[in-house]
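Residues per chain, in single letters:
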Amino acid sequence: MKDLFSFNGQYPKPSEKEIIPILEGEVQKVVYTNEDETYSVVRIKDKTSKIVTLTGPLSGVFEGQGIKASGKWDKHPEHGQFLKVENFSFTLPKTKEGIERYISSGLIYGIGQKRAKMIVSHFGEKTLDVLDSYSSRLSEIQGFGKKTIESIRKSWQEQADKREVTIYFQGLGISIAYCNRIYKRFGHNALKMVKNNPYALADMVSGIGFIRADNIAKNLGIEHNDQKRLFAGIKHTLNKLAEAGHTCYPLEDFIKINAETLQITPDESRHSIAMASEKNVCIVDSIVANSLNGLFIFDPLMRNSELQLASILKTLLRLKSHKGMFLNNIAPSDNEKMTFNSEQNEAINNIAVSPISIITGGPGVGKTTVISEIIRRAVKAKLRVYLSAPTGRASKRMSEATNFKAQTIHRLLKWDPINKEFIFNQNNKLKADLLVIDECSMLDMPLALSLFKAIRNGTTVVLVGDVNQLPSVGPGNVLKDIIVTSICPVTVLWQIYRQASTSKIISVAHQINKGKLFSFAKEDSRKLSDFYWIEQEEPEKVSELIIKMVTERIPARFGFDPIKDIQVLSPMSKGLNGTFAINEKLQKSLNHKSTVSFNYGNKFFKAGDKVMQTSNNYDKNVFNGDIGFIISINTDSRTFIVKFDDRMVSYDFEESSELNLAYAVTIHKSQGCEFPAVIIPCIMSHYIMLQRNLIYTGVTRAKKLLVLIGSKKAVSIAVSNYKSVPRYTSLHNNLMSQA
């Protein structure tokens, strides 16, 4: 960050630290904005053409924006003098350079960098006047037809209608992208709504969240102990814990976390929770089951979801008649190759015994073989069979393995974008006789409830998954909670099939699952193997090795495509060998020829990039964990297209916040996926994440090749650490307590 705060003017010496009345200029560059957009470092050109660095809550700013600021001069020991901003407001730009940046910033649909340059080159400092009153003059520029001009005129007029509101919002630290989202959501009521309760933005506008809303509230002068703030903070803390997988949390621990989040005392936190529970913002209740004992705090929606799911499961299990009973009349396969061990036969026979049954086991134990036989018998019994899985990749793999149509749970239930709900629900049940759900360890509470709401009485349900893998990314631990209650038959498959026993990937996976270390011996370089261990303890060299493996060695030796076939899975997102750093390096190495790109916030995307959807977007029919490729970018319309398997999905630039680069993804995000080749770093800097089920999950994502790079000590710690981070849920308690 050399010269970050460089300055060449003659302003007061830093030691004086006096408040200057006003510094006015145009933003030349946004040097840095933190993740929550509550702090920025920007460079402006003042009225005398001097470059000045400003720091502070300037997150609404963008290049080309006019700004008036006051604050105190300060000096960084390395980077020099800067203005620590205390008050500021935004203005329209006056110079040609500022106007060009301003109109190409994304404010106006149809004007990107190329068109902005053409317009400003032609009209100069009169550009904004032309756009305001004489837009027909755009026809003077070659290539600007009637359709383009009308689109720009309409967009500029719409932007003019909300310009004052936008500038006011920017003064509150709201970026242009979020200004647009707020205005789109609330229209002419946007200003009134934000002034009345900025914390509502966290719930109602995608991406804002509590931290940004709290910063807006602070700028509006809302008090630290305002009830709106305290209640919003409790909801935020509950949401953050849900993101970590919890559906509830021990009350005393929650009080401390909430106090830290809101920067209040534990007593104030306790009191605010008591008030919030009276208003049904949260629920405090006791749990007495297994290792859980005491008072827990719940989000009301999550509490209701767990109670509902438990009730539905109990109702289905009480039924004395279900469609799976017809499998009793179907003879086993006469195919000599289709032989089953005792556990597999038990799993197949359980379909006729219980309306709900579970099949669990590691890789290579024949789960797919059992599913195929169940499907064969069900088809022979003329049952309507539905196959599904939580992710697109898992459902595709299920289809390929069974030669039977499978689809994601979201597509099975069919999302209605107008009414914002699934078409198949408690009032419109699925017409399945037999429903088989694979990769159930990924099934979180909200999705499980939506699924079981749509299952009609008499349907036989088979839940398939590996309970030793990581639990779902979303809140809940549905598969494990059902298994530990023993409310339905559970079959554990252990025996590794003969064809799988030669796979070192499967052998390593089972050894890890049993808490045993695999062999660290080097493979014979003359023979190809499906598993390689590379000893390297230095993080810098591990990073270099990963890049070389992806870009050179694996493609050359095995013929895998470095982008489509090879996947880096890291235990963490941060750090030298986390997904952020590796993605940045692999983007430069693998996609360096692409010249079309765009920046959005701290993200940088290029045409051809491999990306992952990081949240469910029902309107676009893309879901958390879907992997695709950016096939085109239009900088004028500020849109881009991502290809997910055989589907093309269009995004606005501001929607790119839903995507991350996916040359490397976290092991957690890889659940339900299989990749031809997988590379996993496992080093001591990942210490906090070194757990058996994490490494086991990563290893089982590899289909044809697995490369582990790291230290023996780190692997040993991971394999020995069978105690996962606690995940607090109450489904098992509800299943045991409901009659």
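Every value quoted in this text rests on a predicted model; they were computed, and no experiment measured them.

### Some words on the overall build of the protein
Right, so step 1: Helix and strand content of the protein: 26 helices and 28 strands.
Right, so step 2: For 739 residues, the compact-globule estimate of 2.2 N^0.38 gives 27 Å, and the protein sits close to it at 29 Å.
Right, so step 3: The C-alpha extent of the protein, read off along each of the three principal axes, is 90 × 70 × 55 Å.
Right, so step 4: Within the protein, the fraction of its 739 residues that count as buried is 54%.
Right, so step 5: In the protein, of all internal contacts separated by at least 6 residues, the share reaching a separation of at least 24 is 68%.
Right, so step 6: Charged side chains in the protein number 96 positive and 74 negative. The centres of these two groups are separated by 4 Å.

### A few points about the nonpolar core
Right, so step 1: Residues Phe169, Ile182 and Leu201 are the most contacted members of the largest nonpolar core, which totals 45 residues.
Right, so step 2: Element by element, the count of residues in this core is highest for helix α10 (residues 227-243), at six residues.
Right, so step 3: Three or more residues apiece are contributed to this core by two domains, here domain 2 (96-172) and domain 3 (223-295).
Right, so step 4: If we skip the residues at most four places from it in the chain, Leu201 touches Ile182, Phe186, Met193, Val194, Ile208 and Ile216.
Right, so step 5: In this structure, Ile563, Val568, Leu590 and Ala677 belong to the second largest nonpolar core, which totals 41 residues.

### Details of the pairing of strand β9 (residues 356-361)
Right, so step 1: Summarising burial for β9: six of the six residues are buried, a large majority.
Right, so step 2: Taking every second residue as pointing to the same face, both faces of β9 are buried, with Ile356, Ile358 and Thr360 on one and Ser357, Ile359 and Gly361 on the other.
Right, so step 3: Relative to strand β15 (residues 460-465), β9 is paired through five bridges, and the arrangement is parallel. Each residue of the ladder has a partner; that of Ile358, found in β15, is Leu463.
Right, so step 4: With four bridges joining them, β9 and strand β16 (residues 490-493) adopt parallel strand pairing. Across the sheet, Ile359 pairs through a bridge with Thr491, a residue of β16.

### So, the domain arrangement of the protein
Right, so step 1: Domain parsing of the protein yields domain 1 (22-91), domain 2 (96-172), domain 3 (223-295), domain 4 (304-493) and domain 5 (516-720).
Right, so step 2: Each partner contributes to the interface: domain 2 provides nine residues, whereas domain 5 provides four residues.
Right, so step 3: At the boundary of domain 2 with domain 5, total buried surface from both sides reaches about 480 Å², with 46% on carbon and sulfur atoms.
Right, so step 4: Here domain 2 and domain 5 share zero salt bridges between them.
Right, so step 5: Taken together, the connections running from domain 2 to domain 5 amount to zero residue pairs in polar contact (both at pLDDT 80 or more).

### Observations regarding the packing of aromatic side chains
Right, so step 1: Scanning the entire structure with this criterion turns up 19 aromatic pairs.
Right, so step 2: Both rings, one in Phe518 and one in Phe531, keep their centres 5.3 Å apart while their planes meet at 85 degrees; by these two values the pair is edge-to-face. Here the residue Phe518 occupies a position in the loop between α21 (504-513) and β17 (531-535), and Phe531 occupies one in strand β17, the gap between them amounting to 13 residues.
Right, so step 3: Ring geometry for Tyr618 versus Phe623: centroids 5.5 Å apart, planes at 65 degrees, classification edge-to-face.
Right, so step 4: Members of the aromatic cluster, joined through ring pairs, are Phe598, Phe605, Phe640, Tyr651 and Phe653.
Right, so step 5: In this structure, Lys620 is placed above the aromatic ring of Tyr651, and the distance from its NZ or CZ to the ring centre is 5.0 Å.

### A few points about the sheet that holds strand β24 (residues 647-652)
Right, so step 1: A sheet is described by the order of its strands in space; here five strands give the open sequence β24-β23-β22-β21-β25, paired in antiparallel fashion. On the outer flanks of this sheet lie β24 and β25 (659-661), each paired with one strand and no other. Neighbour-to-neighbour, the strand axes of this sheet turn through a mean angle of 40 degrees, independent of strand direction.
Right, so step 2: Bridge analysis of strand β23 (residues 639-644) against β24 gives six bridges, and the strand direction is antiparallel. Across the sheet, Phe640 pairs through a bridge with Tyr651, a residue of β24.

### Side note on the packing of α10 against helix α11 (residues 251-262)
Right, so step 1: Here α10 crosses α11 at 120 degrees, and the two axes come no closer than 10 Å. Taken together, the axes of α10 and α11 are oblique relative to one another. In the crossing of α10 with α11, the sense of the turn from one axis to the other is right-handed. Contact residues: α10 offers Arg229, Leu230, Gly233, Ile234, His236, Thr237, Leu238 and Leu241, while α11 offers Phe254, Ile257, Asn258, Thr261 and Leu262.

### Description of the pattern of salt bridges
Right, so step 1: Under the criterion given, the structure shown has 22 salt bridges.
Right, so step 2: In this structure, Asp433 and Arg384 form a salt bridge, with 3.6 Å as the shortest nitrogen-oxygen distance. Taken together, the residues span a long stretch of sequence, with Asp433 in the loop between β13 (421-422) and β14 (434-437) and Arg384 in the loop between α15 (367-380) and β10 (385-389) at a distance of 49 residues.
Right, so step 3: A relative accessible area of 42% places Arg384 in the partly exposed class.
Right, so step 4: Here Glu655 ties to Lys620 by a salt bridge, and the two come within 3.2 Å at their closest N and O atoms. One end of the pair, Glu655, is in the loop between β24 and β25; the other, Lys620, is in the loop between β21 (610-613) and β22 (627-634), and 35 residues separate them in sequence.
Right, so step 5: Because the salt bridges share partners, they merge into one network encompassing Glu373, Arg376 and Arg377.

### Some details on the layout of surface pockets
Right, so step 1: Of the pockets and cavities examined, the second largest pocket occupies roughly 1200 Å³.
Right, so step 2: Considering the residues around the second largest pocket, the lining is formed by 42 residues, among which Gly364, Val365, Gly366, Lys367 and Thr368 are closest to the centre.
Right, so step 3: For the lining of the second largest pocket, the secondary-structure elements that each account for two or more residues are α15, α16 (392-402), β15, α20 (498-501), α21 and β28 (702-710).
Right, so step 4: Of the residues belonging to the lining of the second largest pocket, the class tally is 16 nonpolar, 15 polar and eleven charged.
Right, so step 5: Split by domain, the residues of the lining of the second largest pocket number at least three in each of domain 4 (304-493) and domain 5 (516-720).

### Some points on the sheet that holds strand β11 (residues 406-408)
Where strands meet in a sheet, backbone hydrogen bonds hold them as pairs that are either parallel or antiparallel.
Right, so step 1: Overall, parallel pairing links the six strands, which are arranged β11-β10-β14-β15-β9-β16 in an open sheet. Sheet topology places β11 and β16 at the edges, where each strand pairs with a single neighbour. The mean inter-strand angle of the sheet, taken between neighbouring strand axes irrespective of direction, is 20 degrees.
Right, so step 2: Running at roughly 175 degrees to β11, α16 makes contact with β10, β11 and β14 of the sheet.

Rules used in this analysis
Within each chain, residues carry numbers counting from 1 in the order of the written sequence. Owing to the predicted nature of the model, reporting of local features is limited to residues with pLDDT of at least 70; listing and counting of side-chain atom pairs is limited to 80 or more, with chain, interface and lining totals taken over all residues. The basis for the side-chain values is all heavy atoms of the structure; hydrogens and waters are excluded. Secondary structure counts use DSSP, requiring at least four H or I residues in a row for a helix and at least two E residues in a row for a strand, with both numbered from the N terminus. For the radius of gyration, the atom set is restricted to C-alpha positions; the globular benchmark scales as 2.2 Å times the number of residues to the power 0.38. Partly exposed describes any residue whose relative accessible area lies between the buried limit of under 20% and the exposed limit of over 50%, with all areas from a 1.4 Å probe on protein chains only and scaled to the type maximum. For this analysis, residues touch if any pair of their heavy atoms sits within 4.5 Å. Positive charges are assigned to Lys and Arg, negative charges to Asp and Glu, while His and the chain termini are left out of the count. Charge positions come from single atoms, namely NZ of Lys, CZ of Arg, CG of Asp or CD of Glu. Remark: nonpolar core denotes a set of buried residues (Ala, Val, Leu, Ile, Met, Phe, Trp, Tyr, Cys) joined through side-chain atoms within 4.5 Å. Domain delimitation follows an automatic or database domain assignment. When DSSP finds two or more bridges between two strands, those strands count as paired. Once two parts are joined, some of their accessible surface, as seen by a 1.4 Å probe, is lost; buried area is that loss totalled over both. For salt bridges, the criterion is a side-chain nitrogen of Lys or Arg within 4 Å of an Asp or Glu carboxyl oxygen. What qualifies as a polar contact is a pair of N or O atoms within 3.5 Å, subject to a donor-acceptor requirement within protein and to the restriction that residues adjacent in sequence count only when both atoms come from side chains. Stacked, edge-to-face and tilted are the three classes for Phe, Tyr and Trp ring pairs, Trp counted by its six-membered ring, which pair at centre distances within 6.5 Å; planes under 30 degrees apart are stacked, over 60 edge-to-face, the rest tilted. Cation placement over rings: the criterion is NZ of Lys or CZ of Arg within 6 Å of the ring centroid and within 35° of the ring normal. Note on geometry: axes are C-alpha line fits, over the in-contact stretch for helices, and angles between N-to-C directions span 0 to 180 degrees. Orientation categories follow fixed angle ranges, with anything under 35 degrees roughly parallel, anything over 145 roughly antiparallel, 65 to 115 roughly perpendicular, and all other angles oblique. Here a crossing is called left-handed whenever its near helix is offset anticlockwise from the far helix by less than a right angle, and right-handed whenever the offset is clockwise. Here a cavity is any set of points on a 1 Å grid over the protein atoms alone where a 1.4 Å probe fits but cannot get out, and a pocket is any open set with protein on both sides within 12 Å along at least 5 of 7 lines; a residue lines the site when it has an atom within 4 Å of a point. Grid points are joined across faces, edges and corners, and a volume is the space filled by probe spheres set on the points. As a working rule, the residues Ala, Val, Leu, Ile, Met, Phe, Trp, Tyr, Cys and Pro are called nonpolar, Asp, Glu, Lys and Arg charged, and the rest polar, with Gly in that last group.

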